[in-house]
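Structural features, examined
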Amino acid sequence: MLLLAAASLVAFVLLLYMVSPLISPKPLALPGAHVVVTGGSSGIGKCIAIECYKQGAFITLVARNEDKLLQAKKEIEKHSINDKQVVLCISVDVSQDYSQVENVIKQAQEKLGPVDMLVNCAGMSLAGKFEDLEVSTFERLMSVNYLGSVYPSRAVIATMKERRVGRVVFVSSQAGQLGLFGYTAYSSSKFAIRGLAEALQMEVKPYNVYVTVAYPPDTDTPGFAKENQTKPLETRLISETTSVCKPEQVAKQIVKDAVVVTMGLFRTIALFYLGSFDSIVRRCMMQKAKSETVDKTA
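A short tour of the structure in this document, coming up. Please read all numbers here as calculations on a predicted model, not as lab measurements.

Glancing now at the environment of Gln71. With respect to the helices and strands, Gln71 occurs in helix α3 (residues 66-77). Judged by its relative accessible area of 43%, Gln71 is partly exposed. For the pair Gln71 and Ser41, spaced 30 residues apart in sequence, the C-alpha separation works out to 7.7 Å.

What follows concerns the sheet that holds strand β2 (residues 58-63). Strand order across the open sheet formed by six strands is β3-β2-β1-β4-β5-β6, with parallel pairing between neighbours. Strand pairing shows two members of the sheet lacking a second neighbour, β3 (87-91) and β6 (209-214), which therefore form its edges. Recorded for the sheet is a direction-independent mean angle of 15° between the axes of neighbouring strands. Sheet analysis places strand β1 (residues 34-38) next to strand β4 (residues 117-120), joined by four bridges and oriented parallel. The residue of β4 that forms the bridge with Thr38 is Asn120. Contacting β1, β2 and β3, helix α4 (residues 98-112) crosses the sheet at an angle of about 160° to β3. Its contacts with the sheet put helix α9 (residues 247-260) on β4, β5 (166-171) and β6, and the angle it makes with β5 is roughly 145°.

Bringing empty space enclosed by the protein into the picture now. Here the structure, examined in full by the defined rule, presents one cavity of 30 Å³ or more. Within this model, the largest cavity holds a volume of roughly 30 Å³. If you go around the largest cavity, the residues you meet are Val36, Thr38, Val62, Val92, Val94, Val101, Val104, Ile105 and Pro152. A per-element tally of the lining of the largest cavity places α4 first, with three residues. Along the lines of polarity and charge, the residues of the lining of the largest cavity split into eight nonpolar, one polar and no charged.

A few words on the pairing of β1. Most of β1 is tucked away: five of the five residues are buried. Summarising the sheet, β1 and β2 pair through five bridges and their orientation is parallel. Along β2, the bridge assignment pairs Val35 with Ile59. With respect to chirality, the unit in which β1 leads through helix α2 (residues 43-54) into the neighbouring parallel β2 is right-handed.

By secondary structure assignment, the location of Lys46 is in helix α2. Reaching out from Lys46, the side chain makes a polar contact with the side chain of Glu75 at a distance of 2.9 Å. Not counting chain neighbours up to four residues away, the residues in contact with Lys46 comprise Gly39, Gly40, Ser41, Ala72 and Glu75.

A few words on helix α5 (residues 135-163). Over its 29 residues, α5 extends 42 Å from the first C-alpha to the last, a length consistent with the 42 Å expected when each residue adds 1.5 Å. Where α5 bends most, at Leu147, the angle is about 35°. Positioned one or two residues after α5, Arg164 has a phi angle of 60°, which is positive.

The subject of this paragraph is the pairing of β2. In terms of residue burial, β2 counts as a mostly covered element, since six of its six residues are buried. Here β2 shows two buried faces, one formed by Phe58, Thr60 and Val62 and the other by Ile59, Leu61 and Ala63. Two strands pair when backbone bridges link them, and β2 and β3 are joined in this way by five bridges, in the parallel orientation. Across the sheet, residue Ile59 finds its bridge partner in β3, namely Val87. Handedness of the β2-α3-β3 crossover: right-handed.

So, on to the environment of Lys74. In this fold, Lys74 is placed in helix α3. Spatially, the C-alpha atom of Lys74 lies 8.9 Å from that of Val87, the residues being 13 residues apart in sequence.

For α3, which comprises twelve residues, the first-to-last C-alpha distance of 16 Å matches the rise-based estimate of 16 Å (1.5 Å per residue) to within 8%. Residues of α3 that are buried: Leu69, Ala72 and Ile76. Down the axis of α3, the buried side of the element spans an arc of 65°, and every buried residue falls inside it. Along α3, exposed side chains directed more than 90 degrees from the buried face belong to Asp67 and Lys74. Where α3 is buried, its residues touch α2, β2 and β3. Two or three places before Asp67, at the start of α3, stands the capping residue Asn65, its side-chain oxygen 3.0 Å from that residue's backbone nitrogen.

Scoring rules and cut-offs
- Residues numbered from 1 in each chain as written.
- Predicted model: local features only at pLDDT ≥ 70, side-chain atom pairs only at ≥ 80, totals over all residues.
- Heavy atoms only, no water.
- Helix = DSSP H or I, 4+ residues; strand = E, 2+ residues; numbered from the N terminus.
- Buried < 20%, exposed > 50% of the residue type's maximum accessible area, 1.4 Å probe, protein only.
- Pairing = 2+ DSSP bridges.
- Axes fitted to C-alpha atoms, helices over the stretch in contact; angles between N-to-C directions.
- Contact = heavy atoms within 4.5 Å.
- 1 Å grid on protein atoms, 1.4 Å probe; cavity = no way out; pocket = protein on both sides within 12 Å on 5 of 7 lines; lining within 4 Å.
- Points joined across faces, edges and corners; volume = space filled by probe spheres on them.
- Nonpolar A, V, L, I, M, F, W, Y, C, P; charged D, E, K, R; others polar.
- Right-handed = clockwise from strand over helix to strand, strands pointing away.
- Polar contact = N/O pair within 3.5 Å; in protein donor to acceptor, adjacent residues only side chain to side chain.
- Expected span 1.5 Å × (residues − 1).
- Bend = angle between axes of the 7 residues up to and from the residue.
- Arc of directions from axis to C-beta.

Structure follows, in structure tokens:
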């Protein structure tokens, strides 16, 4: 019975991949397109900008740190395919003030034209057990990861609908598919993105505007290195059961999914890890219980 169920699941996934090209919209042409990438000064965001630039797009990078933005600009410009391409850098916190974000998008559109694709990549992660995390951590992650995607999307969506063209990409996480030990604050903020994306897609699809969500696994970025410093033991052990991807590989997959609007590969992988993750947590609990028993009898 289990084998039959597994075979059915695999067959269903393969069917989706076969059918998706038939029901997907016309691919977005990146040569000459204006692509805005939030969180584009490092990590996956910077790699997405490079990937789009390699295909002839004009890029607007949005992030908080101006020095990192300028450094990223130099790296991206090395991959130009013609002398007309431009990389515009704008420093702003996309999670704090919608009016500032709206003004930034207006500036970008005045210089490089209407936004054809927005990639919401700004985000952060802090891990910890639910009762150990400060309430301010939940507020901060929801602000950065969720509102930091709402504000830029809200600023571009009206123009996309008017033009009857556009792509909005939300970079979530595998933790936005599965609630994992140590990620009560992070997972909830990433789960919220999925709800936003699915509801928004219903609203904008009639206008030929399409929304995609990426669910990348652990990726070798500066943010991931910082996240590792806060992980509880159980979370670290869970991470060790999965491989760490290169940001360049993740970026290529995200851009591909966004351009042709197909179901992302990362979204289908998550379910296969849930059972093993639960067993890791149970083993840790049993080991802790044994240690406490030994300490009491010693």
